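Summary of structural features
Listed below are the residues making up each chain.
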Amino acid sequence: MLFRSKLSAKYRVITWDRANLGRADLVFKGARDVDLWSDQLAGLIDNLKLGPSYVIGASSGGRVAYTTALRYPDHTRGIFTYLTTGGGTIGESLAKQYYFDYADLADKDGMAAVAKTPFWSERIALNPANAEKLMSIDPKEFSRVMRRWGKAMRSSDVVIGITSDECRQIKANGTPVGITQGCAEAPQHRRDRSEMYAQLTGATLIPTPMGYCEEANTAASYEKLITHAEVPESKPFRAYEMLAAIPGVLDDFIQKTEARYKELGLGADAFSFLPQNTPKNVGPAYRQ
């Protein structure tokens with residue numbers, strides 16, 4: 001991955017497959033998908049003894065970044081998001097595609113039908129142990145989880161999964177935030193929502209890089225585009241894996257953030273520009 005190769009010469013870069021994605025195990029629990037994922041990320045940071053870390057994500061990975069900053073503020077030295085998703089009806093559209101359609105299928109035809117869909121069959125192909133996990137769950141329970149996660153994806157939120165008050169909480173926590181400006185025309189990565197998010201969180205708003213808002217003009221299927229960003233016909237969708245400009249922009253954000261920590265006299269264990277913050281008094285206490 002070019003994104004990783006450009007940054008790993010200077011930083012320790014760790015990428016991971018979230019539950020139910022890539023080669024990861026299937027896990028069906030939690031009030032929301034982002035709660036499950038932020039719990040996993042915090043556990044990964046703890047297990048690897050990384051200390052407060054920069055959490056970077058695009059699209060749904062961005063949702064994980066800011067949810068982790070809210071629920072585990074002492075784990076996040078800074079967050080950086082791009083292709084941040086929100087606005088219009090994108091929340092409900094994605095909820096249908098990610099969750100509600102599979103809930104309907106499980107209710108109608110059971111888990112064998114779910115396992116045959118392109119998305120879930122790929123989870124099994126990449127991790128064969130997932131076949132038993134998927135087939136062993138009761139279709140009604142699977143449907144309940146899918147619908148619960150789907151209902152949490154609201155377009156009315158500033159960004160899917162985060163409210164205005166939660167944006168303000170990130171700012172109140174003193175968490176350094178960087179966000180790449182969205183696209184004027186893209187319904188899923190809207191410029192106005194990225195600007196609103198930046199204002200509420202106190203984020204550094206990075207101007208839209210050249211080519212960032214390139215439109216997808218291809219006959220390739222959505223499943224192929226989104227799960228195989230490396231295929232030639234999905235060139236515009238490479239952004240989910242890497243945008244050519246992002247590593248440099250991210251490096252600049254980290255350097256400036258580190259300079260600010262140093263200016264404030266804060267060391268490598270700092271996770272906030274507010275020296276009085278500690279794991280005990282940074283809110284809200286969302287951990288379960």
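Residues numbered from 1 in each chain as written. Predicted model: local features only at pLDDT ≥ 70, side-chain atom pairs only at ≥ 80, totals over all residues. Heavy atoms only, no water.

1. Points about empty space enclosed by the protein
What counts, and what does not: A cavity, in this analysis, means grid points on a 1 Å lattice covering only the protein atoms where a 1.4 Å probe fits yet has no way out; a pocket is instead an open set bounded by protein on both sides within 12 Å along at least five of seven lines, and a residue lines either one if it has an atom within 4 Å of a point. Grid points are joined across faces, edges and corners, and a volume is the space filled by probe spheres set on the points. Gly falls in the polar group here, along with every residue not listed as nonpolar (Ala, Val, Leu, Ile, Met, Phe, Trp, Tyr, Cys, Pro) or charged (Asp, Glu, Lys, Arg).
By the definition in use, this model includes one cavity of 30 Å³ or more. There is about 30 Å³ of room inside the largest cavity. Looking at the largest cavity, the residues that line it are Arg32, Asp33, Val34, Arg63, Trp149, Ala152, Met153, Ile160 and Gly161. Across the lining of the largest cavity, the residue classes break down as five nonpolar, one polar and three charged.

2. Section: the environment of Tyr197
This is how the line gets drawn: Helix and strand labels come from DSSP, where a helix needs a run of H or I of at least four residues and a strand needs a run of E of at least two; each type is numbered from the N terminus. For the exposure calls, accessible area comes from a 1.4 Å probe over protein chains only, and a residue counts as buried if that area is under 20% of its type's maximum, exposed if over 50%, partly exposed in between. Whether two residues touch is decided by their heavy atoms; if any such pair falls within 4.5 Å, the residues are in contact.
Within the secondary structure, Tyr197 sits in helix α10 (residues 191-201). What makes Tyr197 buried here is its relative accessible area of 0%. Distance from Tyr197 to Ile162, taken between C-alpha atoms, is 9.4 Å for residues 35 residues apart in sequence. In contact with Tyr197, other than residues within four places in its own chain, are Tyr66, Ile79, Thr81, Val158, Val159, Ile162, Cys167, Val177 and Ile179.

3. Observations concerning the pairing of strand β3 (residues 177-180)
Looking down a regular strand, the side chains alternate between one sheet face and the other. This is how it is decided: The pairing criterion for strands is at least two bridges between them, as found by DSSP.
Along β3, one buried face is formed by Val177 and Ile179 and the opposite face, lined by Gly178 and Thr180, is buried too. Bridging between strand β2 (residues 76-82) and β3 involves three bridges; their strand directions are parallel. Bridging across to β3, Thr81 finds its partner in Ile179. Pairing of β3 with strand β4 (residues 204-206) involves three bridges; the strand directions are parallel. Each residue of the ladder has a partner; that of Thr180, found in β4, is Ile206.

4. Re the packing of aromatic side chains
Cut-off, in case you're wondering: Aromatic rings from Phe, Tyr and Trp, with only the six-membered ring used for Trp, were paired whenever their centres fell within 6.5 Å, and each pair was classed as stacked if the ring planes differed by under 30 degrees, edge-to-face if by over 60, and tilted otherwise. Only when the NZ of Lys or the CZ of Arg is both within 6 Å of the ring centre and within 35 degrees of the ring normal is a charge said to sit over the ring.
Counted under the stated rule, the structure contains 13 aromatic pairs. Between Phe28 and Phe142 the ring centres are 5.4 Å apart and the planes differ by 80 degrees, which places this aromatic pair in the edge-to-face class. With Phe28 in the loop between α1 (2-8) and α2 (33-47) and Phe142 in helix α8 (residues 139-151), this pair connects stretches of sequence that are 114 residues apart. When sorted by exposure, Phe28 lands in the same class as Phe142, which is buried. Consider the rings of Phe80 and Tyr82, whose centres lie 6.4 Å apart with planes at 50 degrees: the pair is tilted. The exposure class assigned to Phe80 is buried, which follows from its relative accessible area of 1%. One aromatic cluster is present, built from ring pairs that chain together Phe28, Tyr102, Phe119, Trp120 and Phe142. Sitting over the ring of Tyr261, Arg77 keeps its end group 4.0 Å from the ring centre. Geometry around Phe119 places Arg123 over its ring, the cationic atom sitting 4.6 Å from the centre.

5. Here's the deal with the pattern of salt bridges
Operational definition: A side-chain nitrogen of Lys or Arg and a carboxyl oxygen of Asp or Glu constitute a salt bridge if their distance falls within 4 Å.
Per the stated rule, a full pass over the model turns up 17 salt bridges. Measuring nitrogen to oxygen at the nearest pair gives 2.7 Å for the salt bridge that ties Asp39 to Arg71. Separated by 32 residues along the polypeptide, Asp39 in helix α2 and Arg71 in helix α3 (residues 60-71) bring together distant segments of the chain. When its relative accessible area of 30% is taken as the criterion, Asp39 is described as partly exposed. Accessibility expressed as a relative area gives 3% for Arg71, which makes it buried. Here Glu258 makes a salt bridge to Arg77, at a shortest N to O gap of 2.6 Å. On the criterion of sequence distance, the pair formed by Glu258 in helix α12 (residues 246-263) and Arg77 in strand β2 is long-range, its members being 181 residues apart. Here Glu258 falls in the partly exposed class, since its relative accessible area comes to 29%. Arg77 sits in the buried class, given a relative accessible area of 6%. Among the charged side chains, a salt-bridge network with shared partners connects Arg32, Asp35, Asp39 and Arg71.

6. Some words on the pairing of β2
The condition is simple: Handedness rule for crossovers: strands pointing away from the viewer, path from the first strand over the helix to the second running clockwise, crossover right-handed.
In terms of residue burial, β2 counts as a mostly covered element, since seven of its seven residues are buried. Where strand β1 (residues 53-58) meets β2, six bridges bridge the pair, whose relative direction is parallel. By the bridge assignment for β2, Tyr54 is matched with Gly78. Traced from β1 through α3 to β2, the parallel crossover comes out right-handed.

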